Amino acid sequence: VPQMLSRGITVALGTDGASSNNNLDMLQEMRTCALLHKVSTGDPTVIPAYQALQMATSNGARALGLEDVGQIAPGKKADIILIRKDSAHFIPHHDLIANLVYSGQAADVDTVIVDGQIIMQDRILTTLDEAEILRQAQLAAAQLVSK
């Protein structure tokens, strides 16, 4: 990844499904990317927190050819997450981006806004019946392993 970035290649982060990492946690993907390359190169400055955050946000939009997402700006879709930073793992607050990348957890996401619509608030889904979705997922899993 550092070599691709040095050549100007747009590198984006994402998750491809629960079957490959079981949690779909983009915060964990940022941390893994940043830490993995520090170890593999022996350089503690490679893939700094801000760059990992870019790879998970604006670079993702760029890689997909999406012009109206990836950053908070006039004319862009309002896709935003609100993070609770009152947990012990966010202390000290000297570098919010580093805290998010190296210490953030999916459970820290409090509110999700997609295209201006609140779809999760106070960790409660507002547009879907989470209990029913989980029930159906469990039934589908049981059917898969019973065959």
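The structure reproduced in this document is the subject of the present report. Because the structure is predicted, anything quoted here is derived from the model rather than measured.

1. Some words on the sheet that holds strand S1 (residues 80–83)
Strand pairing in a sheet is mediated by backbone hydrogen bonds. Such pairs are either parallel or antiparallel.
Phase 1: What the four strands build is an open sheet, ordered S1-S2-S3-S4; its pairing is antiparallel. In the strand order of this sheet, the two ends are held by S1 and strand S4 (124–125), each with one partner.
Phase 2: Where strand S2 (residues 109–114) lies against strand S3 (residues 117–121), three bridges are found, and the strand directions are antiparallel. Counterpart to Ile-113 in the pairing with S3 is Ile-118.

2. Remarks on the pattern of salt bridges
Phase 1: The full count for this structure, using the stated rule, is four salt bridges.
Phase 2: A salt bridge links Asp-68 to Lys-77; the nearest nitrogen and oxygen atoms lie 3.9 Å apart.
Phase 3: Asp-115 serves as the salt-bridge partner of Lys-77, at 3.8 Å between the closest nitrogen and oxygen. Placement of the pair is Lys-77 in the loop between helix H5 (58–63) and S1 and Asp-115 in the loop between S2 and S3, with a sequence separation of 38 residues.
Phase 4: When its relative accessible area of 34% is taken as the criterion, Lys-77 is described as partly exposed.
Phase 5: Several salt bridges share partner residues, and in doing so they unite Asp-68, Lys-77 and Asp-115 into one network.

3. Topic: the side chain of Asp-25
Phase 1: For Asp-25, the position within the fold is in the loop between helix H2 (18–21) and helix H3 (26–41).
Phase 2: The buried charged residue Asp-25 lacks any salt bridge, with Arg-31 as its nearest oppositely charged partner at 5.1 Å.
Phase 3: Among the polar contacts listed, one links the side chain of Asp-25 to the backbone nitrogen of Gln-28, at a separation of 3.0 Å.
Phase 4: A distance of 3.3 Å separates the side chain of Asp-25 from the backbone nitrogen of Ala-106, its partner in a polar contact.
Phase 5: Each residue touching Asp-25, except ones within four places of it in the same chain, is listed here: Thr-15, Gln-105 and Ala-106.

4. As for the environment of Thr-111
Phase 1: Examined against the element boundaries, Thr-111 turns out to sit in strand S2.
Phase 2: Residue Thr-111 is classed as buried on the basis of its relative accessible area of 6%.
Phase 3: Sequence separation of Thr-111 and Gln-3 is 108 residues, and the distance between their C-alpha atoms is 35 Å.
Phase 4: When neighbours within four sequence positions are excluded, Thr-111 is seen to be in contact with Ile-80, Ile-81, Leu-82, Ile-118, Met-120, Gln-121 and Asp-122.
Phase 5: Here the side chain of Thr-111 touches Asp-110 through a polar contact of 2.8 Å, side chain to side chain.

5. So, unusual backbone geometry
Only a minority of non-glycine residues have a phi that is not negative, and only a minority of peptide bonds are not trans.
Phase 1: Each neighbour pair has its own omega, and for Ile-91 with Pro-92 the value is 0 degrees, a cis peptide bond.
Phase 2: Positionally, Pro-92 belongs in the loop between S1 and helix H6 (96–103).
Phase 3: Backbone geometry places Ile-47, a non-glycine residue, at a positive phi of 45 degrees.
Phase 4: Residue position: Ile-47 is located in the loop between H3 and helix H4 (49–56).
Phase 5: A positive phi angle, near 65 degrees, is found at Arg-123, a position not held by glycine.
Phase 6: Considering the arrangement of structural elements, one finds Arg-123 in the loop between S3 and S4.

Rules behind the numbers
Residues numbered from 1 in each chain as written. Predicted model: local features only at pLDDT ≥ 70, side-chain atom pairs only at ≥ 80, totals over all residues. Heavy atoms only, no water. Pairing = 2+ DSSP bridges. Helix = DSSP H or I, 4+ residues; strand = E, 2+ residues; numbered from the N terminus. Salt bridge = Lys/Arg side-chain N within 4 Å of Asp/Glu carboxyl O. Buried < 20%, exposed > 50% of the residue type's maximum accessible area, 1.4 Å probe, protein only. Lys, Arg positive; Asp, Glu negative; His and termini not counted. Polar contact = N/O pair within 3.5 Å; in protein donor to acceptor, adjacent residues only side chain to side chain. Contact = heavy atoms within 4.5 Å.

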